[in-house]
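Observations on the three-dimensional arrangement
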Amino acid sequence: MRTQLWVGTYHGTHNRDRVVVTTTRDDEQDLPYRLECTCGFSQRYADPVRLDRTAWRHTHPALWDRWKKKIPGLRRTDRPAADDSATAA
């Protein structure tokens, strides 16, 4: 008996790499909705609406999603440390 059903496919990009997200439903699982991406990302959900939104955002990241990934690399690490000896005198 086959319980896994195809729900949808989403095509998009990650950092200029083409990716495909496949969503399925398996009624024998506690969280029946699953998404798998060709980049290796995989998650399960109980709600098909959340599955759809996550799959869409994963393949079509918004400007804010792209900035969140860039922010850690933009932080400056060469800032001079505060000199506590000058305030102690």
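Summarised in this report is the structure supplied together with it. Keep in mind that this is a model prediction, so the values were computed, not measured.

The rules behind each value
Residues numbered from 1 in each chain as written. Predicted model: local features only at pLDDT ≥ 70, side-chain atom pairs only at ≥ 80, totals over all residues. Heavy atoms only, no water. Helix = DSSP H or I, 4+ residues; strand = E, 2+ residues; numbered from the N terminus. Buried < 20%, exposed > 50% of the residue type's maximum accessible area, 1.4 Å probe, protein only. Contact = heavy atoms within 4.5 Å. Areas by Shrake-Rupley, 256 points an atom, 1.4 Å probe, with all protein chains shown as cover. Pairing = 2+ DSSP bridges. Salt bridge = Lys/Arg side-chain N within 4 Å of Asp/Glu carboxyl O. Core = buried A, V, L, I, M, F, W, Y, C linked by side-chain atoms within 4.5 Å. Axes fitted to C-alpha atoms, helices over the stretch in contact; angles between N-to-C directions.

**So, the overall build of the protein chain**
For the protein chain, the helix and strand inventory stands at three helices and four strands. Taken from N to C terminus, the helices and strands of the protein chain fall in the order β-β-β-β-α-α-α. A buried classification covers 24% of the 89 residues belonging to the protein chain. Contacts in the protein chain between residues at least 24 apart in sequence constitute 19% of all its contacts with a sequence separation of at least 6. Put simply, the protein chain shows about 7400 Å² of open surface, and 51% of that area lies on carbon and sulfur atoms.

**Notes on the pairing of strand S2 (residues 17–26)**
Of the strand pairs in this sheet, strand S1 (residues 4–14) and S2 are connected by ten bridges, and their pairing is antiparallel. Within S2, the position partnered with tryptophan 6 by the bridge is threonine 24. Hairpin remark: S1 followed by S2, antiparallel, with two residues in the connecting loop; positive phi at asparagine 15, about 45°. In this structure, S2 lies alongside strand S3 (residues 33–37), joined through five bridges in antiparallel fashion. Looking at the pairing, valine 21 lines up with cysteine 37 of S3. Hairpin connection between S2 and S3: a loop of six residues separates the two successive antiparallel strands.

**Some words on the pattern of salt bridges**
Per the stated rule, a full pass over the model turns up two salt bridges. In this structure, arginine 25 engages aspartate 27 in a salt bridge whose closest nitrogen and oxygen atoms are separated by 3.1 Å. Arginine 34 is the partner of glutamate 36 in a salt bridge, and the nearest nitrogen-oxygen pair spans 3.4 Å.

**Side note on the nonpolar core**
Judged by nonpolar contacts, Tyr10, Val19, Val21, Tyr33, Leu35, Cys37, Tyr45, Leu51 and Ala55 together constitute the single largest core of nine residues. For this core, the secondary structure elements donating two or more residues are S2, S3 and helix H1 (48–59). When neighbours within four sequence positions are excluded, alanine 55 is seen to be in contact with Tyr10, Val21, Thr23 and Leu35.

**Quick look at the side chain of threonine 23**
As for its position among the elements, threonine 23 is in strand S2. Residues contacting threonine 23, with those up to four places away along its chain left out, are Leu5, Trp6, Val7, Gly8, Tyr10, Arg34, Leu35, Leu51 and Ala55.

**Observations regarding the sheet that holds strand S4 (residues 42–45)**
Reading across the sheet, the four strands line up as S1-S2-S3-S4 and stay open at both edges, with antiparallel pairing between neighbours. Across the chains shown, the open sheet's two edge strands, defined by having one partner strand only, are S1 and S4. Pairs of neighbouring strands in the sheet enclose a mean axial angle of 15°, with direction left out of account.

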